[in-house]
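Examination of the molecular architecture
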Amino acid sequence: MTSTPPVTTIPEAARILERDQGLQPWTLWGSYLPDRQWGTVREDYSADGDAWRSFPHDHARSRVYRWGEDGLLGICDEQCRLCFSLALWNGVDPILKERPFGLSNPEGNHGEDIKDYYYHLANTPTHSFMRGLYKYPQAEFPYQQLVDENGRRSRSEPEYELVDTGIFDANRYFDVAIEYAKGSATDLLIRIRVTNRGPDPAPLTLLPTLWMRNTWGWGYPDEQRQPMVLDGDALVTGDVPNLGAYELLCRDGGTWLFTDNETNHQRLYGQPNSTPFQKDGFHRYVIGGEAAAINPAQCGTKAARLLQRTLAPAEEWVVELRLRKRVDGRVPSGDAESPFGPAFDALFQAREAECVQFFEHTLPGLDPEDRLIHSSAVAGLLWCKKYYGWSVLRWLEGDPTQPTPPANRWQSDTALWSRLHAHHVISMPDAWEYPYFCQWDLMFHAVAFAIFDPEVAKQQAMLLRSPHYTAPSAQTPAYEWALSDPNPPIGAWAAMRIYQIDRKQSGQADQPFLRAALRKLLLEYGWWANRNDRSGDNVFEGGFLGLDNIAVFDRRFPLADGSRIEQCDGTAWMASLSLNLLNIAVELSREEPEYADTCERFVYDFTQLAITLNTPSERGFLNWDHDDGFYYDVIKRSDGSTDYLRTRSLSGLVPLLAVASFDRETVDRLPVLDVLKSMAWFVHERTTPTWLEKNLGQWHNDRILYTLVPEDRLRRICERMFDEEEFLSPYGIRSLSKVYGDHPYSFTEGSDSQTLVYSPGDSPVAMFGGNSNWRGPVWMPINFLLIESLQKYAHYYGDNFKVEFPTRSGNWLNLWEVSLELEKRLVGLFRRDESGRRAFNGDVDLFQNDPYWRDLIQFNEYFHGDNGRGVGASHQTGWSATVAKMVNQLSRYSSG
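Presented here is a report on the structure given in the accompanying data block. As the structure is a prediction and not an experimental result, all values here were calculated from the model.

Some details on the overall build of the protein chain
Looking only at helices and strands, the protein chain has 25 helices and 34 strands in total. In terms of C-alpha radius of gyration, the protein chain reaches 28 Å, essentially the compact-globule figure of 29 Å for 896 residues. Oriented by its inertia axes, the alpha-carbon framework of the protein chain measures out at about 90 × 65 × 60 Å. The buried share of the protein chain, reckoned over its 896 residues, is 65%. For the protein chain, long-range pairs separated by at least 24 residues make up 71% of all intrachain contacts whose partners lie at least 6 apart in sequence. Summing over all exposed atoms, the protein chain offers an accessible surface of approximately 31,400 Å²; the carbon and sulfur share of this is 49%.

Quick look at the structure:
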């Protein structure tokens, strides 16, 4: 397709416009190859539903995946039909390194845990330039040692990591950098740079590998096996559906190996193989010397170039390949005749320069430290966009050529989602530890995307709300392990923030997007209101709300005596949802007055929720404890009695998130926003003054305030939130007050008795699988929401509202200044301190001081509440990438 390029001097911006206008398929190819496919629910066809044990890492090299593929810093097309990745062998490993290794949830002492070290260094919205780095040890990879030692350790001990084994001592490893650059949407240049960092010569085998996802083995007539063959020295595919034919060229001399992407039934199950060549053929050939494992006819659905070399200390080995489309059996004449050489080098240099130029244009003037943090966050966010495929109906019914799945699968929660049909590139929380969509994570990812790629932000924010994903009830799926879990309802917040960020950057208001989003969100809002308000009193109880083990009891379930937990954050999340939908409706009403009716609904709903959360009733306690000055969960017994669960946690700070204010002009245009007037009927029906009259709809500086937390309560909460002996850590707001370190909280209800202790790092309990912890660490997403809320309060109160920051410091700041100070602390997780150390790297001297490690940044799932060490998933550049937005804001409003 030929077209006139958009008028812009920024090449990457021009490519984005061509993509968005449908002129060129610039995102047909990208870093979409998942990091892990084994151990996922969608690949589990066992009778007991134990996904980790039914498809372990040991099976991955020999067993075909049903719904996707995986590899090491690889690429694929957007339908994961054709995949490219790199396999490695150091001459001593027991298996070929084709994919990252980690422990399954039952093996890790804190849940699943990746053990390889790889880094996302660069990427662009159109994937025109991508760079990743893998640290490959030269000694034998200690697979069993890692499993055994972590299995021996208790939850009170840290995870045993690869670096702890001493395998990187004396720098005995290879730096394996892989880069991709696009000559066109269907022409991909590939460069592999391997450097021996060790003191001695070391051998290495490289296997750049191209393979086809097995879509033909399941018995459907529209999918046929199409082997790759050689045309001269070019590896050539057949005509891949929806993709066409491609060739892979390698500049380096070597041998092409062929096998098939088929399961090795003999190895796994002791049964005869139905095909002569299997998925693990290269492993068996290279490591086991099994000549019969590869196809002598040089054809197959998996192929690799065998390259071997011994590298001297500090020697660099560069391997170049080119993957490009063929048309009518040849490369289009417009492409350079010579696939390598000066033009190849020049294109790589140009694409890298354009990557730097684009992000400098997006956010100019950053100092080198913050530029590194910003670019690393963006690169990680883009690298974690992965192909995700799963037809739940086919997973339930089974495939024509495969055994029928167990009948009890139809009685599982997943069966309620039989119409879920995923076949998209989705931004994943962590492409190894969480290699699937997670609903509320994805909303943070989408907002982070908005700062440099608003169209992808909009697509990702609404993807799970499309008919392919939503249930008939309009519920949006949560995540693969528990599709029906209710996640915090932040979709409306995400849609509005994306709209606002896009409008500010482009100068244009995308109201069609906002209207379409509101239609979907209104359906979801009805589900929320009907699903979680079981008691009909506007108090929301029970259910997973994304904060995992934050409470003393598991809030998903009733206690043994039938008591339920009414969650202060559940009601607050609903109020926040109402207010965010109100904001959308108010914005749309500027050009379409008919949205005024929609505004009225959310004014009323928010008002009812605010009153409910803040006032007692004849049925007992509600969530605000006047004596402690904090919002608490309430336990509600079957006899009607209630009691506070007095644990100061993020749950009690969530009410702060429901805040907005409107100016006089907007209220004059929409009189329903003047709450005291529009709700006069409500006040008139009460014989005593209500909380509404005293606290909601107050005017200041010609603005009216909507909030769950009136001024007096806001001050009391801030005292605790900014107290360094409670919530305020050097790196943000903790998830649980530090008070519970020296003074654990215990509660007994009938036969249920639990104790909650401040735990700033790894999870101390097995609740929710034990792979995350909300009992002390700093979590970037909630901090991000709290910062935005403080800025909204600041917009209303201005300098009239100041707090001590930190509490008892004598340092008085307005809430805008406080928000910037919090951002500095959060960005400080990644910035070098005065001693040159980055907090997220913890006490690992190699990471802190070695020149080949110290500037490599990873974005963990959460961070130690006292020292900032990264904890949990290590590539959580989904919601932790929101730090890029903070860097953006600090660069504009703060000097440091």
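Some details on helix H14 (residues 568–589)
One turn of an α-helix holds 3.6 residues; hence residues three or four places apart share an orientation. Counted at 1.5 Å a residue, the expected span for H14 with its 22 residues is 32 Å, and the 31 Å between its end C-alpha atoms agrees. Counting buried residues along H14, 22 of its 22 residues qualify, which places the element largely inside the surrounding structure.

Structural notes on the sheet that holds strand S7 (residues 129–137)
Read from one edge to the other, the open sheet built from eight strands follows the order S6-S7-S8-S9-S16-S13-S12-S11, with strand pairing classed as antiparallel. The two strands at the open ends of the sheet, each matched to only one other strand, are strand S6 (117–122) and strand S11 (229–231). For this sheet the average axis-to-axis angle between neighbouring strands, irrespective of direction, equals 20°. Of the strand pairs in this sheet, strand S8 (residues 173–184) and strand S9 (residues 187–196) are connected by 10 bridges, and their pairing is antiparallel. Bridge assignment links Ile-178 to a residue of S9, and that residue is Ile-192.

Thoughts on the nonpolar core
Counting 188 residues, the largest nonpolar core has Leu-582, Leu-653, Leu-673, Tyr-706 and Phe-830 as its most contacted members. Of all the elements, H14 adds the most residues to this core, at 13 residues. Setting aside residues up to four positions removed in sequence, Leu-582 forms contacts with Cys-599, Phe-602, Val-603, Phe-662, Leu-673 and Tyr-706. Trp-52, Ala-177, Trp-216 and Leu-856 belong to the second largest nonpolar core, which has 82 residues in total.

Quick look at the environment of Arg-648
Assignment of secondary structure puts Arg-648 in the loop between strand S23 (642–645) and strand S24 (659–663). Residue Arg-648 is classed as buried on the basis of its relative accessible area, which comes to 10%. Separated by 15 residues in the primary sequence, Arg-648 and Asp-633 place their C-alpha atoms 9.6 Å from one another. Leaving out residues up to four positions away in the same chain, Arg-648 has contacts with Asp-628, Phe-630, Tyr-632, Arg-720, Glu-726, Phe-727, Leu-736, Ser-737, Val-739 and Tyr-740. Within the local environment of Arg-648, its side chain forms a polar contact with the side chain of Glu-726, the two groups lying 2.8 Å apart.

As for the environment of Leu-736
With respect to the element layout, Leu-736 can be found in the loop between strand S28 (732–733) and helix H21 (739–742). The sequence separation of Leu-736 and Gly-652 amounts to 84 residues, and the corresponding C-alpha distance is 9.8 Å. With residues up to four places along the chain from it excluded, the contact list for Leu-736 reads Arg-648, Ser-649, Glu-726, Phe-727, Leu-756, Val-757, Tyr-758, Trp-774, Arg-775 and Gly-776.

Quick word on the packing of aromatic side chains
Applying the stated criterion across every chain, the model contains 54 aromatic pairs. When the centroid spacing of 5.2 Å and the interplanar angle of 75° are considered together, the rings of Phe-168 and Trp-853 count as edge-to-face. Placement of Phe-168 in the loop between helix H4 (143–152) and S8 and of Trp-853 in the loop between helix H24 (845–849) and strand S33 (862–863) is noted, with a sequence separation of 685 residues between them. Its relative accessible area of 4% is what places Phe-168 among the buried residues.

Some remarks on helix H12 (residues 491–506)
For H12, with 16 residues, the first-to-last C-alpha span of 22 Å sits near the 22 Å given by 1.5 Å per residue. Among all positions of H12, only Gly-491, Ala-492, Trp-493, Ala-494, Ala-495, Met-496, Arg-497, Ile-498, Tyr-499, Ile-501 and Asp-502 are buried. Positive phi appears at Gly-507, one or two residues downstream of H12, with a value of about 80°.

Focus: unusual backbone geometry
A cis geometry characterises the amide bond from Phe-805 onward to Pro-806, with omega recorded as -10°. We note that Cys-80 has phi near 55°; this positive angle belongs to a residue other than glycine. Looking at the element boundaries, Cys-80 is found in the loop between strand S2 (75–77) and strand S3 (82–89). The phi torsion at Asn-171 lies on the positive side, around 60°, for a residue other than glycine. Within the element layout of this structure, Asn-171 appears in the loop between H4 and S8.

Considerations on the pattern of salt bridges
When charged atoms on two side chains of opposite charge get close, those side chains can pair. Evaluated as defined, the whole model comprises 71 salt bridges. Arg-251 is the partner of Glu-320 in a salt bridge, and the nearest nitrogen-oxygen pair spans 3.2 Å. Taken together, the residues span a long stretch of sequence, with Glu-320 in strand S16 (residues 316–326) and Arg-251 in the loop between strand S13 (245–250) and strand S14 (255–259) at a distance of 69 residues. Asp-855 is the partner of Arg-832 in a salt bridge, and the nearest nitrogen-oxygen pair spans 2.7 Å. Linking Arg-832 in the loop between helix H23 (815–827) and H24 with Asp-855 in the loop between H24 and S33, this pair joins segments that are 23 residues apart in sequence.

Overview of the environment of Arg-465
Looking at the secondary structure, you find Arg-465 in the loop between helix H11 (454–463) and H12. You can call Arg-465 buried: its relative accessible area is 5%. Distance in space between the C-alpha atoms of Arg-465 and Thr-476 is 6.1 Å, their sequence separation being 11 residues. Other than its neighbours up to four places away in sequence, Arg-465 contacts Gln-439, Met-443, Thr-470, Thr-476, Gly-491, Lys-520, Leu-521 and Glu-524.

Notes on the layout of surface pockets
In this model, the largest pocket occupies a volume close to 1,200 Å³. Arg-497, Gln-500, Arg-503, Lys-792 and His-795 are, among the 34 residues lining the largest pocket, the residues nearest its centre. Looking at the lining of the largest pocket, the elements that each hand over two or more residues are H12, H14, S24, helix H22 (780–797), H23 and helix H25 (883–893).

The rules behind each value
Residues numbered from 1 in each chain as written. Predicted model: local features only at pLDDT ≥ 70, side-chain atom pairs only at ≥ 80, totals over all residues. Heavy atoms only, no water. Helix = DSSP H or I, 4+ residues; strand = E, 2+ residues; numbered from the N terminus. Rg over C-alpha atoms; globule rule 2.2 N^0.38 Å. Buried < 20%, exposed > 50% of the residue type's maximum accessible area, 1.4 Å probe, protein only. Contact = heavy atoms within 4.5 Å. Areas by Shrake-Rupley, 256 points an atom, 1.4 Å probe, with all protein chains shown as cover. Expected span 1.5 Å × (residues − 1). Pairing = 2+ DSSP bridges. Axes fitted to C-alpha atoms, helices over the stretch in contact; angles between N-to-C directions. Core = buried A, V, L, I, M, F, W, Y, C linked by side-chain atoms within 4.5 Å. Polar contact = N/O pair within 3.5 Å; in protein donor to acceptor, adjacent residues only side chain to side chain. Phe/Tyr/Trp six-rings, centres within 6.5 Å; stacked < 30°, edge-to-face > 60°. Salt bridge = Lys/Arg side-chain N within 4 Å of Asp/Glu carboxyl O. 1 Å grid on protein atoms, 1.4 Å probe; cavity = no way out; pocket = protein on both sides within 12 Å on 5 of 7 lines; lining within 4 Å. Points joined across faces, edges and corners; volume = space filled by probe spheres on them.

This is a description of form; function is not addressed.
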